[in-house]
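Spelled out, the chains give:
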Amino acid sequence: MTANFKSLTWKQTNLVVFTALFFAVAILIVEIAIQVISTKNQLSDAQQELLDSVEQTTTNAVWSLDDKLASQTLEGIIKVDNVGSAVIELDDGSLFVATSNPTEKFSSAYVKLSQSLFGDLREISRPIYRPFYFEGNKQQQLIGTLTVFYDTQKLTNKLFSQLKLGLIATLARALLLTLVLSVVFHRFLTQPIARISEAIDKIDPDSPDENLLPMSPAHKDDELGLVTSKFNQILLQFSQTQNKLRKMATRDPLTGLPNRTLLLETLNVTIQRSRVHKRNFTLLFIDLDRFKNVNDSLGHAIGDQFLARIARILERVVGDRGSVARLGGDEFVILADEIQTPDQAADFVDKLLMQLNAPVQLNEHAIHPAASIGISIYPDDGDKAEDLIRHADIAMYSAKAAGSNQWAFFKQQMTERAAV
């Protein structure tokens, strides 16, 4: 795990949080716009209703210059929500009556904000006309003006108090949505990916098909399931390719028998087991006599068929008592781990030669095989794989020197003669 590793769950959570906050802010801005428009429309309607409701009383008070009635009217006006003050002026512009509510102090920024939002509704005026028409003339006579001033800072404060609750509710919904989505993403996306990552760590390069990635039932028909399926196909194909390569590296391509590499591996394992269990085993080195004559007289194609047939004969004779390998050319090795004594080895070799000496029919040709066999026994003739093979090879040459279809046990003197 690298030092800068960041969990997908953490990244998803961050993404969901920022997305939720973005939409929360966007929704809040829309709510503010809607609320401001709604508040302005309500205020405009309320202003007209207020002026309509006091128009008659105000007209009577101004016409009769009844300042007491005018003051009472204005006192009633400033009790209306968001009204800051009210003024009645006469037609010559002189102040008749005025009244106001105590004002709160707000910051200059707040004042500018309220001015921006409700500046066009900060005040409203209505002209006051004489309560009856002039005789012979239907033109109205202006006798005064009623002006109502609204406390927009107070209105803004009230609006934002309402929006504050909306913001808290929106953030709470965003937080809840984030929590729910994080849990859902973790269970249905991050967890399966984490399990896949753990399964990848367990893949054995030598046997990749033994640890396929787990397929989550919830993702069988989606992209994650497709990726898992494709990766498992790659593992299976890689395993098949690896098996083919291993077979090519450890098997003789002509006979299908183990080659020298696989023989050494098998021999080393057999030595370890025999050392633990204190058992002996026998190694036979076989060289076909006159094989060169078969190749020269009948051709290499018949020679290859002959070698393949000999391989099958050796496998049939050995059965489950050991294994057969081809070192190359006409040389074969039998690892007989069930044969532990020289007497058993001698009996086995006699039976083997009887089987090998039977004529082999290849197309129209009848070939009479013969072989020379060298025998080494573990651990008397060596406790290492290479030593056992080399000593059996030396014994085989000793047998070949004695004539065709001969066999010989390895003896230390053979090594001494070979060194001369």
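Every value quoted in this text rests on a predicted model; they were computed, and no experiment measured them.

Asks: Describe in detail the overall build of the protein, supporting the description with residues and values.
Replies: When you go through the protein residue by residue, the secondary structure sums to eleven helices and eleven strands. Taken over the C-alpha trace, the protein has a radius of gyration of 54 Å; the compact-globule value for 420 residues is 22 Å, which it surpasses by more than 25%. For the protein, the proportion of its 420 residues judged to be buried stands at 37%. Residue pairs in contact within the protein that sit at least 24 positions apart in sequence constitute 67% of those at least 6 positions apart. Entry remark: accessible area of the protein is about 25000 Å², with carbon and sulfur atoms responsible for 56%. Here the protein holds 42 positive side-chain charges and 49 negative ones, and the gap between their average locations is 4 Å.

Asks: Tell me about the side chain of T73, and name the residues and values.
Replies: Note on placement: T73 falls in helix α2 (residues 67-78). On the basis of relative accessibility, which here comes to 10%, the residue T73 falls in the buried class. At a separation of 2.8 Å, a polar atom in the side chain of T73 contacts the main-chain carbonyl oxygen of L69. If near-sequence neighbours (up to four positions away) are discounted, T73 is found in contact with V54, T57 and T58.

Asks: Explain the nonpolar core to me, using residue names and the numbers behind them.
Replies: Counting 33 residues, the largest nonpolar core has L314, F332, I334 and L352 as its most contacted members. Element by element, the count of residues in this core is highest for helix α8 (residues 300-318), at nine residues. In terms of nonpolar packing, the next biggest core, distinct from the first, is built from 28 residues, V36, L51, A86 and I124 among them.

Asks: Talk me through the pairing of strand β5 (residues 281-288); I want residue IDs and the actual numbers.
Replies: Successive side chains on a regular strand alternate, one facing one side of the sheet and the next facing the other. Counting buried residues in β5 gives eight out of eight residues, a clear majority hidden from the surface. Side chains F281, L283, F285 and D287 of β5 all project onto a buried face; the interleaved residues T282, L284, I286 and L288 project onto the opposite face, where all are buried too. Across eight bridges, β5 lies against strand β10 (residues 371-378) in antiparallel orientation. From the neighbouring strand, L288 faces β10, where its bridge partner is A371. Where β5 lies against strand β7 (residues 331-336), six bridges are found, and the strand directions are antiparallel. For T282, the partnering residue across the bridge sits in β7 and is A336.

Conventions we followed
- Residue positions are counted from 1 within each chain, in the order its sequence is given.
- Per-residue local features are limited, in this predicted model, to residues with pLDDT of at least 70; the limit for side-chain atom pairs, both in listing and counting, is 80 or more; totals at the level of whole chains, interfaces and linings are taken over all residues.
- Hydrogens and waters are ignored; side-chain quantities use all the structure's heavy atoms.
- Helical segments are the DSSP runs of H or I of at least four residues, strand segments are the runs of E of at least two, and each set is numbered from the N terminus.
- Both definitions apply: the radius of gyration is a C-alpha atom measure, and the globule rule equals 2.2 Å times residues to the power 0.38.
- Exposed residues in this analysis have more than 50% of their type's maximum accessible area, buried residues have under 20%, and partly exposed residues fall in between, with area computed by a 1.4 Å probe over protein chains only.
- We call two residues in contact when some of their heavy atoms are within 4.5 Å.
- Computed with a 1.4 Å probe, the accessible areas rest on the Shrake-Rupley method; for each residue, only the protein chains presented here act as cover.
- Only four residue types enter the tally: Lys and Arg on the positive side, Asp and Glu on the negative side; His and the chain ends are excluded.
- Taken as the charge location is NZ of Lys, CZ of Arg, CG of Asp or CD of Glu.
- Pairing of N or O atoms within 3.5 Å defines a polar contact, subject to two protein rules: one partner must be a possible hydrogen donor and the other a possible acceptor, and residues neighboring in sequence count only if both atoms are side-chain atoms.
- Nonpolar cores were defined as sets of buried Ala, Val, Leu, Ile, Met, Phe, Trp, Tyr and Cys residues, with membership established by side-chain atoms within 4.5 Å.
- Strand pairing follows a simple DSSP-based rule, namely that at least 2 bridges must link the two strands.

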